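Okay, here's what each chain looks like letter by letter:
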Amino acid sequence: MKEKFYLGTYTKRDSKGVYSVTLNKETELLESLTLEATIDNPTYLSYSKNNQLLFAVGKGEELCGISANNAKTSPVEPLASYDDQQAVPCYIRYNEKTGDVLTANYHGGFVELYHYDKTAKSITSIDKKVHTGSSVHANQTSPHVHYTDYTPDEKWIVVCDLGIDTVFTYKRTAEGLEEVAQYKTKAGSGPRHLAFHPTLPIAYLICELDATVEVLSYNNENGTFRNLDKIALTTEDQQAWGGAIHITRDGRFVYASNRGFDALYTFSIDASSGLLTLVQTINSCGSVPRDFHLSNDEAYVVVGHQESDNLTLFKRDLETGELTLLQKDFYAPEVVCVVPQ
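Here the structure is a predicted model, which means the values were calculated and not measured.

Conventions and cut-offs
Residues numbered from 1 in each chain as written. Predicted model: local features only at pLDDT ≥ 70, side-chain atom pairs only at ≥ 80, totals over all residues. Heavy atoms only, no water. Helix = DSSP H or I, 4+ residues; strand = E, 2+ residues; numbered from the N terminus. Contact = heavy atoms within 4.5 Å. Salt bridge = Lys/Arg side-chain N within 4 Å of Asp/Glu carboxyl O. Buried < 20%, exposed > 50% of the residue type's maximum accessible area, 1.4 Å probe, protein only. 1 Å grid on protein atoms, 1.4 Å probe; cavity = no way out; pocket = protein on both sides within 12 Å on 5 of 7 lines; lining within 4 Å. Points joined across faces, edges and corners; volume = space filled by probe spheres on them. Pairing = 2+ DSSP bridges. Axes fitted to C-alpha atoms, helices over the stretch in contact; angles between N-to-C directions. Phe/Tyr/Trp six-rings, centres within 6.5 Å; stacked < 30°, edge-to-face > 60°.

Caption draft 1: Region of the structure containing the environment of Leu177. Looking at the element boundaries, Leu177 is found in strand S15 (residues 177–184). With 48 residues separating them along the chain, Leu177 and Lys129 place their C-alpha atoms 7.4 Å apart. Beyond its immediate stretch of four places on either side in the chain, Leu177 contacts Val111, Leu113, Asp127, Lys129, Ile157, Tyr170 and Lys171.

Laid out in structure tokens, this is it:
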């Protein structure tokens, strides 16, 4: 049994673009690193299982933007691209039901909405919302949009702005995006990514600048959030640099990474309150674990390291949630995004 993962990367050193890697579940090893697309700085990816499309951010000849690729082939086949941004976006999400594509632009401080036409194989820009403001941290002199995605029922679009300590809620209208709510974190937190509980009205927010995970109550009626708890991923002598966050489909465990401490954290989730209890802290066995992802059967976790150019493979205990190291020396250059096929 084998499973493919796509890898988004920086192309500052040795990487040439988007790669794939295969998890061999019989040998419990990663194998077959393959260059799937030659793109400058394809730092984030979005894969559509139903449509077998791979969307990537990246830099074109003059401007930056997004591309759609046919993932039925390997290497993937380019289908369409649209470049209209000065800097490469840092997050992308394709909605296979509507054809909409969302991106977050860190340097520009805005969220952009595109539409992909499968028949015409074309991408058009629909709307852009530019944020304003600043906060107290040295990295918060301007807005830095780092994440944009849909709530589980796709009623709302949520946006994390690291630069102004704000989680925005938007509504998709016929014209584009309409702001409906804001949630403010503690100043200097730097909200980075969200993960929604599959059954409870709860979301988990990882903050980059203070390396914390916030447990948020989520109101689906109006798209608002309220803080229930805030958990530090570091102690005073450890560097704070929050990375990725993911939740299991059964809603029992949350996983988070701290790039400053090069560690993964396993939390168990209380079945009624949604509150978190730390189960395990484990070395990621690489430098700067920018992203990681569970396999489709959730029995394994693949971790990508931005600076040490390696992937780490862990086996996951489905009952306790704890991770066990299987492999730590698999070469993959400048990985910043891990997406299962």
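Structure's up, so let's keep going.
Caption draft 2: Region of interest: the pattern of salt bridges. A full pass over the atoms with the stated rule returns 18 salt bridges. Note that Asp309 and Arg13 form a salt bridge whose closest N and O atoms lie 2.7 Å from each other. Pair noted here: Asp309 is in the loop between strand S25 (300–304) and strand S26 (310–316) and Arg13 is in the loop between strand S1 (2–9) and strand S2 (17–24), with a separation of 296 residues, a long-range link. Note on Asp309: relative accessible area 13%, which makes it buried. Residue Arg13 is classed as partly exposed on the basis of its relative accessible area, which comes to 39%. The partner of Asp297 in a salt bridge is Lys25, with the nearest N and O atoms 3.0 Å apart. With Asp297 in the loop between strand S24 (291–294) and S25 and Lys25 in the loop between S2 and strand S3 (29–38), this residue pair connects regions lying 272 residues apart in the sequence. Judged by relative accessible area, which is 16%, Lys25 ranks as buried.

Caption draft 3: How the structure looks around empty space enclosed by the protein. Throughout the structure, instances matching the rule amount to one cavity of 30 Å³ or more. Within this model, the largest cavity holds a volume of roughly 50 Å³. If you go around the largest cavity, the residues you meet are Thr43, Tyr44, Cys90, His146, Arg192, His193, Arg290, Asp291 and Val336.

Caption draft 4: Representation of the sheet that holds strand S9 (residues 100–105). Overall, antiparallel pairing links the four strands, which are arranged S8-S9-S10-S11 in an open sheet. Of all strands in the sheet, those with a lone pairing partner are strand S8 (91–94) and strand S11 (122–130), marking the two edges. Each neighbouring strand pair of the sheet contributes to a mean axis angle of 20°, computed without reference to strand direction.

Caption draft 5: Region of the structure containing the side chain of Asp149. Position of Asp149 relative to the elements: it lies in strand S12 (residues 145–150). For Asp149, a relative accessible area of 10% corresponds to the buried category.

Caption draft 6: Structural context of the packing of aromatic side chains. Evaluation of the coordinates by the stated rule reveals 11 aromatic pairs. Ring centres of Phe55 and Tyr116 lie 5.4 Å apart, and the angle between their planes is 80°; this geometry places the pair in the edge-to-face category. A residue pair is termed long-range when its members are at least 10 positions apart, and Phe55 in strand S5 (residues 53–59) and Tyr116 in strand S10 (residues 110–117) qualify at 61 residues. This pair shows no difference in class: Phe55 is buried, exactly as Tyr116 is. Put simply, the rings of Tyr44, Tyr91 and Tyr147 touch in pairs and so form one group of aromatic residues.

Caption draft 7: How the structure looks around the sheet that holds strand S4 (residues 45–48). Strand order in the open sheet made by the four strands is S4-S5-S6-S7, with antiparallel pairing throughout. Unpaired on one side and paired on the other, S4 and strand S7 (77–85) mark the two borders of the sheet. Pairwise comparison of adjacent strand axes, ignoring direction, gives a mean angle of 20° for this sheet. Two elements, S4 and S5, share four bridges in a ladder whose sense is antiparallel. Paired with Ser46 across the strands is Phe55, a residue of S5.

Function-wise, these values are silent; they only describe arrangement.
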